[in-house]
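# Structural features, examined
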Amino acid sequence: MDDTQPFYLYRSNPEVAKFQSWENYQYDEAEAFVKEQIQHQPDIPGSWFQFAIALNETDQLIGDCALHTLDEPRIVEIGFTLAPEYQGQGYATEAVRMLLHYLFDSLSKHKIIAFTDVRNRKSAAVLERVGMRREGHLLQNYMSKGQWVDEYQYGILKSEWARKDAFNER
Ligand SMILES: CC(C)(COP(=O)(O)OP(=O)(O)OC[C@H]1O[C@@H](n2cnc3c(N)ncnc32)[C@H](O)[C@@H]1OP(=O)(O)O)[C@@H](O)C(=O)NCCC(=O)NCCS
């Protein structure tokens, strides 16, 4: 439950929420979210699971990575968020790489996908840095703060992941 305050602080930041579904995020929503995640297991078909991103040295919560296991559980969707003060240092890229590694090499997933608002340049850069391909431009695919916005769909197959032999290459 100690993570509630730092989680609330970055989630309620308007810059962090700019390309996300939520707006005016409240402390009680953060509290309910953390309480629910504590009891939740990853990789349940049809559900979202949130992994915390924490600093090795201090265990400070600096962001999160989301895993959405689809009803077809061999395909999963991912998402990610970092607190503003920890952006620009490669932490999201490192966390997403580890998530891909876990999903392909431990859970044997077939495909990983992600959606991003086309205006979210930083998010697209993370996805491209870890080797995901832009597979589609989906027109007016998402209702964001009262307007329909276009999204890019990114994807990577297990076969593509396996072909990249050195971890550092990704
Ligand atoms: C999307 C988001 C996580 C990206 O954060 P980010 O800090 O740009 O991503 P990273 O942590 O991977 O850092 C990459 C930056 O650090 C730099 N960097 C420094 N050291 C690095 C390293 N070792 N490895 C990779 N990048 C490094 C990169 O050059 C890059 O900087 P640049 O943007 O100036 O080119 C962040 O913008 C965010 O939380 N946004 C709000 C939530 C959101 O929209 N999420 C996406 C929904 S799909």
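Residues numbered from 1 in each chain as written. Predicted model: local features only at pLDDT ≥ 70, side-chain atom pairs only at ≥ 80, totals over all residues.

An unreviewed UniProt entry lists the protein chain under the name Ribosomal-protein-serine acetyltransferase, with Paenibacillus azoreducens as the source organism.

Moving on, we get to the site of the ligand. Close contacts around the ligand come from 21 residues, with Gln 87, Gly 90, Ala 92, Thr 93 and Ser 123 the closest. Elements supplying a minimum of two residues to the shell around the ligand: β3 (75–82), α4 (91–106), β4 (111–117) and α5 (121–129). (Near = placed C-beta within 6 Å. Helix = DSSP H or I, 4+ residues; strand = E, 2+ residues; numbered from the N terminus.)

Attention now goes to the nonpolar core. One finds Cys 65, Ile 78, Phe 80, Ala 95, Val 96, Leu 99 and Leu 100 to be the most contacted residues of the largest nonpolar core, which totals 30 residues. For this core, the secondary structure elements donating two or more residues are α1 (4–11), β2 (61–69), β3, α4, β4, α5 and β6 (147–157). Setting aside anything within four residues of it in sequence, one finds Ala 95 in contact with Ile 53, Cys 65 and Phe 80. (Core = buried A, V, L, I, M, F, W, Y, C linked by C-beta atoms within 7 Å. Buried ≥ 20, exposed ≤ 12 C-beta atoms within 10 Å, placed from the backbone. Contact = placed C-beta atoms within 7 Å.)

This next bit is on the sheet that holds strand β5 (residues 133–144). As summarised here, the arrangement of the six strands in space is β1-β2-β3-β4-β6-β5, forming an open sheet in which the pairing is mixed. Where the open sheet ends on each side, the last strands, each with one partner, are β1 (47–54) and β5. Averaged over all pairs of adjacent strands, the angle between their axes in this sheet comes to 30 degrees, without regard to strand direction. Looking at chain direction, β4 and β6 are connected through seven bridges and run antiparallel. Counted as the bridge partner of Asp 117 is Glu 151 from β6. Sitting on the sheet, α4 is in contact with β1, β2, β3 and β4, with an inclination near 160 degrees to β3. Sheet strands in contact with α5 are β3, β4 and β6, and its direction is about 160 degrees off that of β4. (Pairing = 2+ DSSP bridges. Axes fitted to C-alpha atoms, helices over the stretch in contact; angles between N-to-C directions.)

In this section: α4. Helix length check: α4 (16 residues) gives 21 Å between terminal C-alpha atoms against 22 Å at 1.5 Å per residue, within 8%. Within the sequence span of α4, burial applies to Ala 92, Ala 95, Val 96, Leu 99, Leu 100, Leu 103 and Phe 104. The arc that holds the buried residues of α4, viewed along the axis, is 155 degrees, so those residues lie on one side. Facing away from the buried surface of α4 by more than 90 degrees, the exposed residues are Asp 105 and Ser 106. Where α4 is buried, its residues meet β1, β2, β3, β4, α5 and α6 (158–163). In the segment just after α4, Ser 108 is the residue with positive phi, at about 55 degrees. (Expected span 1.5 Å × (residues − 1). Arc of directions from axis to C-beta.)

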